[in-house]
Amino acid sequence: DTAVSQTPKYLVTQMGNDKSIKCEQNLGHDTMYWYKQDSKKFLKIMFSYNNKELIINETVPNRFSPKSPDKAHLNLHINSLELGDSAVYFCASSPDHSSNQPQHFGDGTRLSIL
Amino acid sequence: RKEVEQDPGPFNVPEGATVAFNCTYSNSASQSFFWYRQDCRKEPKLLMSVYSSGNEDGRFTAQLNRASQYISLLIRDSKLSDSATYLCAVNTGFQKLVFGTGTRLLVSP
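In this report, the structure presented in the accompanying data block is examined. (Residues numbered from 1 in each chain as written. Chains lettered and ligands numbered in written order. Predicted model: local features only at pLDDT ≥ 70, side-chain atom pairs only at ≥ 80, totals over all residues. Heavy atoms only, no water.)

## Looking at the overall build of chain A
Filter applied, for reference: For the purposes of this entry, the term helix denotes a DSSP run of H or I that reaches at least four residues, the term strand denotes a run of E that reaches at least two, and both are numbered from the N terminus. We compute the radius of gyration from the C-alpha atoms alone; for a globule the expected value is 2.2 Å times N to the 0.38, where N is the number of residues. When checking whether two residues touch, look at their non-hydrogen atoms; a contact exists if any pair is within 4.5 Å. Residue exposure ignores everything except the shown protein chains as possible cover, and the areas themselves are Shrake-Rupley values with a 1.4 Å probe.
Scanning chain A from N- to C-terminus turns up 0 helices and 11 strands. Secondary structure elements of chain A, listed N to C terminal, follow the sequence β-β-β-β-β-β-β-β-β-β-β. Over its C-alpha trace chain A gives a radius of gyration of 13 Å, about what one expects of a compact globule, namely 13 Å for 114 residues. The dimensions of chain A, computed from C-alpha atoms along their principal axes, are 40 × 30 × 25 Å. Long-range contacts, defined here as pairs at least 24 residues apart, represent 55% of the contacts in chain A between residues at least 6 apart. Of the roughly 5600 Å² that chain A leaves accessible, carbon and sulfur atoms contribute 48%.

Okay, structure coming up:
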């Protein structure tokens, strides 16, 4: 029944590794997002995709690469992980990117870099 | 100046109290506004959208003041279960949501 689901929930890995986080939504929404919430709890948008097309690309290091194989999935690949990448990453979705409908969040992926 | 600002709190109130939070935003072209609730180590959950005319949902009332560029959230008859962090979110266009740092509410017996 989960509307926006992310895997894995927890990810512990070493500096320098490459890792991916997956997100899927079953709400029939066209638009999906990735957010980062750091240790100070500040939640900031990273990317958004509308029907597989990149819409928002904030000033994120190019080690982060989103991929949207279809409108129900938005994955996040991170290369050469750094200590500062430790955070909670939330996926979200909304019906589209132009109306004022609210976004719905997945339950987060807690990434810890050793 | 931050795009969206909130008082981080914490606001400590007894059960049954009324508490209000404000959130100011800097982009006058912002299109839509929301309050989210976030419990510790959980995802943000939509509490309510904020409309120009103001809106109410049970014990919760949200207001928008475009002239002064702030939104507010009023919680009446606080319950222990209202303890959480309340995040203000502003859509600055193309669904780019900018969040405040959140206001922490602690409701005590």
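## Quick notes on the state of the cysteines
Residue and element names in this part refer to chain A. Formally: Cysteine sulfur atoms that come within 2.5 Å of each other are treated as a disulfide pair.
A complete count under the given rule lists 2 disulfides over all chains for this structure. For Cys23, the disulfide goes to Cys91, at an S-S distance of 1.9 Å. Judged by the torsion about the S-S bond (-80°), the Cys23/Cys91 disulfide is left-handed. Of this pair, Cys23 sits in strand E3 (residues 19-25) while Cys91 sits in strand E9 (residues 87-94), placing them 68 residues apart in sequence.

## As for the sheet that holds strand E7 (residues 64-70) of chain A
All names here are of chain A. Threshold: Strand pairing is assigned whenever DSSP identifies at least 2 bridges connecting the two strands. The axes used here are C-alpha line fits, helices contributing only the stretch in contact, and every angle between their N-to-C directions lies in the interval 0 to 180 degrees.
Across the sheet, which stays open at both edges, the 4 strands sit in the order E1-E3-E8-E7 with antiparallel pairing between neighbours. Both edges of this open sheet fall to strand E1 (4-7) and E7, since each of them pairs with a single strand only. Adjacent strand axes in the sheet meet at a mean angle of 20° when their direction is disregarded. Two strands pair when backbone bridges link them, and E1 and E3 are joined in this way by 4 bridges, in the antiparallel orientation. In the strand pairing of E3, Val4 is matched with Gln25.

## A look at unusual backbone geometry
A negative phi holds for most residues other than glycine; trans holds for most peptide bonds. The following threshold applies: Only protein chains enter the area calculation, which uses a 1.4 Å probe; residues under 20% of their type maximum are buried, those over 50% are exposed, and those in between are partly exposed.
At the junction of Thr7 of chain A and Pro8 of chain A, the peptide bond is cis and its omega measures out at -5° in the coordinates. Along the polypeptide, Pro8 of chain A turns up in the loop between E1 and strand E2 (10-13). Pro10 of chain B follows Gly9 of chain B through a cis peptide bond whose omega is 10°. Mapped onto the fold, Pro10 of chain B is located in the loop between strand E1 (4-6) and strand E2 (11-14). Not every positive phi belongs to a glycine, and Lys41 of chain A is a case in point at roughly 70°. Relative to the elements of secondary structure, Lys41 of chain A occurs in the loop between strand E4 (31-37) and strand E5 (43-50). Residue classification places Lys41 of chain A among the exposed positions, given a relative accessible area of 52%.

## Focus: the layout of surface pockets
In plain terms, the rule: For each structure, a 1 Å grid was placed over the protein atoms alone; sets of points admitting a 1.4 Å probe that cannot get out are labelled cavities, open sets with protein on both sides within 12 Å along at least five of seven lines are labelled pockets, and lining residues have an atom within 4 Å of a point. Grid points are joined across faces, edges and corners, and a volume is the space filled by probe spheres set on the points. Three categories are distinguished: nonpolar for Ala, Val, Leu, Ile, Met, Phe, Trp, Tyr, Cys and Pro, charged for Asp, Glu, Lys and Arg, and polar for the others, with Gly belonging to the last.
If you add up the space inside the largest pocket, you get close to 530 Å³. In this structure, the largest pocket is lined by 26 residues; those nearest its centre are Gln37, Asp38 and Lys41 of chain A together with Gln38 and Arg41 of chain B. Grouping the amino acids of the lining of the largest pocket by side-chain chemistry returns 8 nonpolar, 10 polar and 8 charged.

## Remarks on the interface of chain B and chain A
Just so we agree on the cut-off: Buried area: the sum, over both parts, of the accessible surface (1.4 Å probe) that disappears when the two are put together. Here a salt bridge means any side-chain nitrogen of Lys or Arg lying within 4 Å of a carboxyl oxygen belonging to Asp or Glu. Whenever two N or O atoms come within 3.5 Å, that pair is a polar contact, provided that in protein one can donate a hydrogen and the other can accept it, and provided that, for residues adjacent in sequence, both atoms are side-chain atoms.
In this complex, chain B contributes 19 residues to the contact, which on the side of chain A involves 25 residues. Both sides of the chain B and chain A interface together cover about 1800 Å² of buried area, and 54% of this is carbon and sulfur. When the buried surface of chain B facing chain A is broken down by residue, Phe94, Gln95 and Phe99 of chain B rank first, second and third, together holding 32% of it. Taken together, the connections running from chain B to chain A amount to 1 salt bridge. For Lys96 of chain B, the salt bridge identified is with Glu58 of chain A, shortest N-O distance 3.3 Å. The tally of links between chain B and chain A comes to 8 residue pairs in polar contact (both at pLDDT 80 or more). Listed by contribution, the elements that provide at least two residues to the side of chain B that touches chain A are strand E4 (32-38), strand E5 (45-50), strand E9 (84-91) and strand E10 (97-99) of chain B. The greatest single-element share of the side of chain B that touches chain A, amounting to 4 residues, is contributed by E4 of chain B.

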